[in-house]
Amino acid sequence: MATIVPYTFEKKEEQAIYFTSFVKGMKVLIATEKPFAKKAVDGIVEILEGAGHTVSRLEKYTDKTQLLDAVADVDALIVRSDKITCDVLAAAPNLKIVVRAGAGYDNVDCATAKERGVVVMNTPGQNSNAVAELAIAMMIFMSRNCFTPGTGGEIKGKTLAIHAYGNVGRLVGCKGKALGMNVIAYDPFVSDNSVFECDGVEKVDSVEELYRRADFLSLHIPATPQTKGSIGYNLLTSMPKGATLVNTARKEVIDEAGLKQALTEREDLKYVSDVAPECCSELCECFGKRYFATPKKMGAETAEANINAGLAAARQIVEFFETGCTKFQVNR
Ligand code: 3PG
């Protein structure tokens, strides 16, 4: 029985010796309730088997017990939004690494993984373009009355406000500019102003100013204890007349009571979301074409994004077992 792998080493040589001992023959599970495109799975298998590992798949599972059973003897896991909670980690005593093929890792209990010596990684940037394209599509969809008859509006000339200027936010901004939008952004974690300057995007200094000026507000903040429920009534009602909040981030960052109140009081506001909030049926009933949500998260649902993120995940696992590389680790 393999022991749990520590991932901090006193000396580089120790790390090298440790990893050399199990370069090959690791059991890797692809656990995806929402499966990757076939081409992505084929590519993942090719990379991992080519490096001497074995691959098993658990796709479209409907019950957590299936996941608990499947992880029992695995050394590595590739997942999407699959919930890797403490009981899943406990059911996988050999587990050494979890790679979330995608950006957000709020679905993985990173703290428990760390306690158990399990490395958690993501694959930043690999599916960003797909999400950015969806955000733009959602703006046009809402501007055109959800593609129902009636006079709509154009996005050209409108102010596109980007909340968090990371991989996705930046791509949304560039696409918005190409479509003739006036792009502004807020991100307190990007201290290098040249990032905004070289994109020709105006950096604003406060979240309040961002919302106050946004005809379209594109949300790209991660779901963390600090951000959950942070977008609510005050920010929403500060938006200009006819504004649309576009959420391709996480439903949890919205204060749903505040959202409902804002949409009730302001008959011009709109909300569009990639994945339905808890209060979806109520919003559908009360706000008609001012509200739309995808039934299942679809931002990264393109073959290209699946291939980019899936193959990156496979390569990161191979490198981890071959060299101990933890470049994309998110639970240090
Ligand atoms: C991400 O965080 O990368 C996106 O939300 C995509 O998630 P998915 O892989 O579950 O589609």
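The residue numbers shown here count from 1 along each chain, following its written sequence. Local features in this predicted model are restricted to residues of pLDDT 70 or higher, and side-chain atom pairs are both shown and tallied only at a pLDDT of 80 or more, whereas totals for entire chains, interfaces and linings draw on every residue. Only heavy atoms go into the side-chain values, all of them from the structure, while hydrogens and water stay out.

## Points about the site of the ligand
And step 1. Put simply, a residue is near a molecule or strand once any heavy atom of it comes within 4 Å of that molecule or strand. Neighbouring residues of the ligand: Lys34, Arg80, Ser81, Arg100, Gly102, Ala103, Gly104, Asn127, Arg250, Lys297 and Ala300.
And step 2. Polar contact is defined as a pair of N or O atoms within 3.5 Å, subject to the rule that within protein one atom must be able to donate a hydrogen and the other to accept it, and that residues adjacent in sequence are counted only when both atoms are side-chain atoms. Within the side chain of Ser81, an N or O atom sits 2.4 Å from an oxygen atom of the ligand.
And step 3. The separation between an oxygen atom of the ligand and a polar main-chain atom of Ala103 is 2.7 Å.
And step 4. Note that accessible areas follow from Shrake-Rupley with a 1.4 Å probe, and for residues the cover is restricted to the protein chains shown. Protein coverage of the free-state accessible area of the ligand, which is 320 Å², stands at 94%.
And step 5. Note on definitions: the grid is 1 Å and covers protein atoms alone; a cavity is a set of points where a 1.4 Å probe fits but cannot get out; a pocket is an open set with protein on both sides within 12 Å along at least five of seven lines; lining residues have an atom within 4 Å of a point. Think of it this way: if more than half of a molecule's atoms are within 2 Å of a pocket's grid points, that molecule is in the pocket or cavity. A majority-of-atoms criterion places the ligand in the largest pocket.
And step 6. Each residue is assigned to one of three groups, with Ala, Val, Leu, Ile, Met, Phe, Trp, Tyr, Cys and Pro labelled nonpolar, Asp, Glu, Lys and Arg labelled charged, and all others, Gly among them, labelled polar. In terms of residue class, the shell around the ligand is made up of 2 nonpolar, 4 polar and 5 charged.

## Let's talk about the pattern of salt bridges
And step 1. What makes a salt bridge here is a side-chain nitrogen of Lys or Arg within 4 Å of a carboxyl oxygen of Asp or Glu, nothing more. Applying the stated criterion to the full structure yields 14 salt bridges.
And step 2. A salt bridge links Arg80 to Glu301, with the nearest nitrogen and oxygen atoms 2.7 Å apart. Pair noted here: Arg80 is in the loop between strand E3 (76–79) and helix H4 (86–90) and Glu301 is in the loop between strand E12 (291–293) and helix H13 (303–323), with a separation of 221 residues, a long-range link.
And step 3. Residue Glu202 pairs with Arg213 through a salt bridge whose shortest N-O separation is 2.9 Å. Placement of the pair is Glu202 in strand E8 (residues 202–203) and Arg213 in helix H9 (residues 207–213), with a sequence separation of 11 residues.
And step 4. The rule is simple: take the accessible area with a 1.4 Å probe, protein chains only, and divide by the maximum for that residue type; under 20% is buried, over 50% is exposed, in between is partly exposed. Note on Arg213: relative accessible area 28%, which makes it partly exposed.
And step 5. Each of Glu202, Glu209 and Arg213 takes part in a single network of salt bridges with overlapping partners. The helix and strand labels rest on DSSP assignments: H or I over at least four residues marks a helix, E over at least two residues marks a strand, and numbering proceeds from the N terminus.

## Details of the nonpolar core
And step 1. Here, nonpolar core refers to any group of buried Ala, Val, Leu, Ile, Met, Phe, Trp, Tyr and Cys residues whose side-chain atoms link them within 4.5 Å. Membership of the largest hydrophobic core comes to 32 residues, with the highest contact counts inside it found for Tyr211, Leu217, Leu219 and Leu245.
And step 2. Where this core is concerned, the elements lending two or more residues are strand E7 (182–186), H9, strand E9 (216–219), helix H10 (233–237), helix H11 (256–265), helix H12 (280–287) and E12.
And step 3. Only heavy atoms matter for contacts: two residues are in contact if any of them lie within 4.5 Å across the pair. For Tyr211, the residues in contact, after removing those within four places along its chain, are His163, Leu217, Leu219, Ile231, Leu235, Ser238, Met239, Pro240 and Leu245.

## A few points about the domain arrangement of the protein chain
And step 1. These domain boundaries are the output of an automatic or database domain assignment. Assigned domains of the protein chain: these are domain 1 (12–126 + 303–323) and domain 2 (128–293).
And step 2. One C-alpha centre belongs to domain 1, the other to domain 2; they are set 32 Å apart.
And step 3. The interface of domain 1 with domain 2 comprises 7 residues on the first partner and 5 residues on the second.
And step 4. Regarding the contact of domain 1 and domain 2, the summed buried area is about 430 Å², with carbon and sulfur atoms giving 40% of it.
And step 5. Looking at the side of domain 1 facing domain 2, the largest losses of area belong to Asp106, Gly125 and Ala305, adding up to 72% of the total buried there.
And step 6. Across the pair Arg250 and Asp106 runs a salt bridge, and its minimum N-O distance is 3.2 Å.
And step 7. Viewed at the interface, domain 2 and domain 1 are joined by 2 residue pairs in polar contact (both at pLDDT 80 or more).
And step 8. In terms of residue class, the side of domain 1 that touches domain 2 is made up of 2 nonpolar, 3 polar and 2 charged. Simply put, the buried area is the total loss of 1.4 Å probe accessible area from both parts when two parts are fitted together.

## Side note on the packing of helix H2 (residues 38–50) against H13
And step 1. To obtain an axis, a line is fitted to C-alpha atoms, over the contacting stretch when the element is a helix, and the angle between two such axes runs from 0 to 180 degrees between their N-to-C directions. With their axes 8 Å apart at the nearest point, H2 and H13 run at an angle of 15° to one another. Taken together, H2 and H13 sit at an angle that is classed as roughly parallel. Here H2 runs over H13; the crossing is right-handed. Across the interface between the two elements, Lys39, Ala40, Gly43, Ile44, Ile47 and Leu48 of H2 pack against Asn306, Ile307, Gly310, Leu311, Ala314, Arg315, Ile317 and Val318 of H13. Roughly parallel refers to an angle under 35 degrees, roughly antiparallel to one over 145, roughly perpendicular to one between 65 and 115, and oblique to any angle outside these ranges. By definition, turning the near helix anticlockwise from the far helix through less than a right angle yields a left-handed crossing, and turning it clockwise yields a right-handed one.

## Topic: the sheet that holds strand E6 (residues 159–163)
Each strand in a sheet pairs with its neighbour through backbone hydrogen bonds, running either in the same direction (parallel) or in the opposite one (antiparallel).
And step 1. DSSP calls a pair of strands paired once it identifies at least 2 bridges connecting them. Taken in spatial order, the 7 strands of this open sheet run E8-E7-E6-E9-E10-E11-E12, and their pairing is parallel. Each having just a single partner strand, E8 and E12 make up the two edges of the open sheet.
And step 2. Inspection of the sheet shows strand E10 (residues 244–247) paired to strand E11 (residues 270–273) by 4 bridges, in the parallel sense. Bridging from a neighbouring strand, Val246 pairs with Val272 of E11.

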